[in-house]
Amino acid sequence: MKLSHWLPCLEWGRCYDRSSAAQDGLAALIVTLMLIPQSLAYAMLAGLPPVTGLYASILPLLAYAVFGSSRTLAVGPVAVVSLMTAAALAPLFPAGSEAYIGAAMLLALLSGLLLSSMAMLRLGFLANFLSHPVVSGFISASGILIAVGQLKHLLGISASGESLRQVIPQLWLGLPSAHWQTVLIGVFSLVWLWWARARLKPVLQRMGLSVQMAGNLAKAGPVMAIIAAITAVSLLQLEHAGVKVVGVIPQGLPGLMLPTLDIALAMQLLPAALLISLVGFVESVSVGQTLAAKRRQRIEPDNELLGLGTANLSAAFSGGFPVTGGFSRSVVNYDAGAQTPMAGVFTAAGIGLSVMLLTPLLHNLPQAVLAATIIVAVLSLVDLGSLSRTWRYSRPDGVAQLATIIGVLLIGVEAGILIGVGLSLLLFLWRTSQPHMAVVGQVPGSEHFRNIERFAVIESPNVLSLRVDESLYFPNARYLEDRIGELIANRPQVRHLVLMCSGVNLIDASALDSLEAVVERLKTANIQLHLSEVKGPVMDQLRRSSFLQHFGGQVFISQFEALKALAPQLTQQTLLPSNLRADTQPHA
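What you see is a predicted model, and the numbers here were worked out from it, not measured in a lab.

This part takes up the overall build of the protein. Secondary structure assignment for the protein yields 27 helices and eight strands. Judged by the C-alpha coordinates and their principal axes, the protein covers about 105 × 60 × 55 Å. Residues counted as buried form 54% of the 588 residues belonging to the protein. Sequence separation of at least 24 residues holds for 79% of the intrachain contacts in the protein that already meet a minimum separation of 6. Surface summary for the protein: the accessible area is close to 26,800 Å², and the carbon and sulfur share equals 62%. A distance of 8 Å separates the average location of the 36 positive side-chain charges in the protein from that of its 31 negative side-chain charges.

The structure is reproduced here in structure tokens:
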């Protein structure tokens, strides 16, 4: 395998020029302004010191630029993964403690190892077990849970919990003791951020700025909120009045450090690391594929696994926590004109400079502003309308999505997604355990066969044509036997049963045993089983068994060929023009 397969940077690096660098630099500037407040906020959401978010936004971006395949994906801390990190670590250690920070780094290490191993083993398909309705329900419910959980910072009260039934009662009880200065800062920040997101761009355009310049300045809304809040706290001495601020943030780049190397703790965190890895991979790939398609590019899932894996390993050894590709940042990166992952490298440089030069200025940053930043960001991910759309289209998928939402909101993030995934698999097994099977007949004047209940077709009284619209495997093997037995009992004239396998992609060992049982039962009733339209891979599989040698029937290339051999008079008649068929019918 070529080295460029695992190092996509070699491909885009060969044609990198000044024009691409200028576009990447502009995109990096905009994303850096957006990433600084988000990184601080998501670290706080994860229960970590704010500077940890900045640390997780430097080396991971460099690692992804080398190994990732998306040209515009922006990697770093994201809300959902931060929430999952907090859910995994909060029951074990006090938030923000040295043990908590070390465990967060260990979680990033485990996630990085899992993702990198999946890349080497080409196990990206495991993420397919997270169906889109389940992921959509999980993200929407997580957004609601995160937003409600951040209200404590807007109110200046204490509240904790992993679900709404734990958080809401504490918020209600703490409401009388809300800190009014903190509430004012939080409300003003929320209003400004909502207004800036929706209204600032048109206002700037009316002031004469270009569409692109107005859009770029509008995306700096959170930075403006931070500057205004820090100024107000500093001038009015609001910290002494009880407004909680970020406090001292260490200045300087993070050094290389080891996470907590505790085997017992690692085994305890492994399930959470696996869920974080899968959820992060699905979110990242979804965003990456959407943005790549707009430019007629493509991403490689294995490269994404390796890119995200190395990004998390980098976070683990630089004082960070689990990271993945962020939706909002990636869209901003794309809209700002990023051409290559070098935009991520420039962003990392910008964050690095901020850590070295700007962190003292963030001392008086109110936590309420960061909470408002989180709330505005996560509520944009909430799409409860998806539930009604899914419910109308597919009730089983709607049930899985609803169960995920309820599980996340009332139990917790890990339990919610496990409920959704488990229910999706159970409903899939239930749905495929009773596959659609249609008795088909020949459409007059053609070689096509259709369901006798939907079309005006012609049947042979001696030949029963049964189309199976599902792969045959262990959940539905017995159903196949029962269905055939029921049909044969109602058709005493039948002497041949042709199983039309155009919709069968697999016949497993259980289904093969059932087919052999069907053959024996049909023989006792003087009926012969035949197969038609068997796909090549299924035929190859059957040839590896002795079934074809002893079942006694034939395998026809098409259902028409089967009827042509077993009921030749019928097929000849149905292919005649309609007026000739009418002449050959006996008169009443």
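Let's shift gears to helix α5 (residues 59–67). All buried positions along α5 are accounted for by P60, L61, A63, Y64 and A65. If you follow the buried residues of α5, they end up packed against α2 (9–14), α4 (50–55), β1 (75–76), α14 (301–316) and α16 (342–357).

The feature "domain: STAS" (unreviewed entry), as given by UniProt, occupies residues 453–566 in the numbering adopted here. Strand forms 16% of residues 453–566 and helix 43%; the C-alpha atoms that close the span are 23 Å apart.

Next up on the list: the sheet that holds strand β8 (residues 555–556). On the basis of which strands lie adjacent, the open sheet formed by six strands has the order β4-β3-β5-β6-β7-β8 and mixed pairing. Lying at the two open borders of the sheet, with one neighbouring strand each, are β4 (449–451) and β8. In this structure, strand β7 (residues 528–532) lies alongside β8, joined through two bridges in parallel fashion. Across the sheet, the residue bridging to L531 is V555, located in β8. Relative to strand β6 (residues 496–500), helix α25 (residues 559–566) is tilted by about 170°, and along the sheet it contacts β3 (437–442), β4, β5 (463–468), β6, β7 and β8.

Attention now goes to the side chain of T182. Along the chain, T182 turns up in helix α10 (residues 180–206). Note on T182: relative accessible area 5%, which makes it buried. In terms of polar contacts, T182 uses its side chain to reach the side chain of H179, at 2.9 Å.

Of all six residues making up β3, six are buried, and the element is well covered by its neighbours. The two faces of β3 match: M437, V439 and G441 on one face and A438, V440 and Q442 on the other face are all buried. Taken together, the three bridges between β3 and β5 define a ladder with antiparallel strand orientation. The residue of β5 that forms the bridge with V439 is L466. Here three bridges tie β3 to β4, and the two strands are oriented antiparallel to one another. Counted as the bridge partner of V440 is N451 from β4. Hairpin connection, β3 to β4: the antiparallel pair is bridged by six residues, and G445 has positive phi, about 80°.

Its location among the elements puts H153 in helix α8 (residues 132–155). Accessibility expressed as a relative area gives 18% for H153, which makes it buried. In this structure, H153 is in contact with M44, T182, Q367, A368 and A371, ignoring residues within four places of it in sequence.

Inspection of every chain in the model, using the stated rule, returns seven salt bridges. Between D469 and R467 there is a salt bridge, with its nearest N and O atoms 2.8 Å apart. Residue D469 is classed as partly exposed on the basis of its relative accessible area, which comes to 30%. In this structure, R521 and E481 form a salt bridge, with 3.2 Å as the shortest nitrogen-oxygen distance. Here the residue R521 occupies a position in helix α22 (residues 509–524), and E481 occupies one in helix α21 (residues 477–489), the gap between them amounting to 40 residues. Assessed through its relative accessible area of 51%, R521 is described here as exposed.

Time to look at a nonpolar patch on the surface. There is a patch of nonpolar side chains on the surface, built from W391, V399, L402, I406, L410, I411 and I419 and spanning about 530 Å² of accessible area. The leading source of residues in the nonpolar patch is helix α19 (residues 395–410), at four residues. Positionally, L402 belongs in helix α19.

Counting all residues, the mean pLDDT for the protein is 88, and 96% of those residues have values of 70 or more. Note on residues 578–588: pLDDT under 50 across the span, and six contacts to partners over four residues away in sequence or across chains.

Glancing now at the packing of helix α18 (residues 385–393) against α19. Two elements in contact, α18 and α19, have axes whose closest approach is 6 Å; the angle formed by their N-to-C orientations is 150°. As summarised for this structure, α18 and α19 are arranged roughly antiparallel, according to the angle between their axes. The hand of the α18/α19 crossing is left-handed. The residues of α19 that touch α18, namely those facing S386, L387, T390, W391 and Y393, are R395, D397, G398, V399, Q401, L402 and I405. Taken together, the residues that form the contact of α18 with α19 break down as six nonpolar, four polar and two charged.

Among the six residues in β5, six count as buried, and that is most of the element. The alternating pattern of β5 places V463, S465 and R467 and L464, L466 and V468 on opposite faces, both of which are buried. In terms of handedness, the path from β5 via α21 over to β6 forms a crossover that is right-handed.

With glycine set apart, most residues show a phi of negative sign, and most peptide bonds adopt trans. Despite not being glycine, N526 shows a phi value in the positive range, around 60°. Position of N526 relative to the elements: it lies in the loop between α22 and β7. Residue N526 is classed as exposed on the basis of its relative accessible area, which comes to 55%.

As a further point, take the environment of I507. If you trace the backbone, I507 turns up in the loop between β6 and α22. With near-sequence residues (within four places) excluded, I507 lies in contact with L472, L512, L515, V538, Q541 and L542.

A separate point is helix α15 (residues 327–335). Since the α-helix packs 3.6 residues into each turn, any two residues three or four apart lie on the same face. Residues of α15 that are buried include every one of R329, S330, V332, N333 and Y334, and no others. Lining the buried residues of α15 we find α3 (18–45), β1, α13 (263–294), β2 (324–325) and α16. Just past α15, the residue G337 takes up positive phi, approximately 100°.

Okay, the environment of P492 next. As for its position among the elements, P492 is in the loop between α21 and β6. For the pair P492 and L121, spaced 371 residues apart in sequence, the C-alpha separation works out to 54 Å.

The rules behind the values
Residues numbered from 1 in each chain as written. Predicted model: local features only at pLDDT ≥ 70, side-chain atom pairs only at ≥ 80, totals over all residues. Heavy atoms only, no water. Helix = DSSP H or I, 4+ residues; strand = E, 2+ residues; numbered from the N terminus. Buried < 20%, exposed > 50% of the residue type's maximum accessible area, 1.4 Å probe, protein only. Contact = heavy atoms within 4.5 Å. Areas by Shrake-Rupley, 256 points an atom, 1.4 Å probe, with all protein chains shown as cover. Lys, Arg positive; Asp, Glu negative; His and termini not counted. Charge placed at Lys NZ, Arg CZ, Asp CG, Glu CD. UniProt positions renumbered as here; feature names shortened; annotations may be inferred. Pairing = 2+ DSSP bridges. Axes fitted to C-alpha atoms, helices over the stretch in contact; angles between N-to-C directions. Polar contact = N/O pair within 3.5 Å; in protein donor to acceptor, adjacent residues only side chain to side chain. Salt bridge = Lys/Arg side-chain N within 4 Å of Asp/Glu carboxyl O. Patch = residues over 30% accessible without salt bridge, like charges linked within 9 Å, V, L, I, M, F, W, Y side chains within 5 Å. pLDDT = per-residue confidence, 0-100. Parallel < 35°, antiparallel > 145°, perpendicular 65-115°, else oblique. Left-handed = near helix turned anticlockwise from the far one by under 90°. Nonpolar A, V, L, I, M, F, W, Y, C, P; charged D, E, K, R; others polar. Right-handed = clockwise from strand over helix to strand, strands pointing away.

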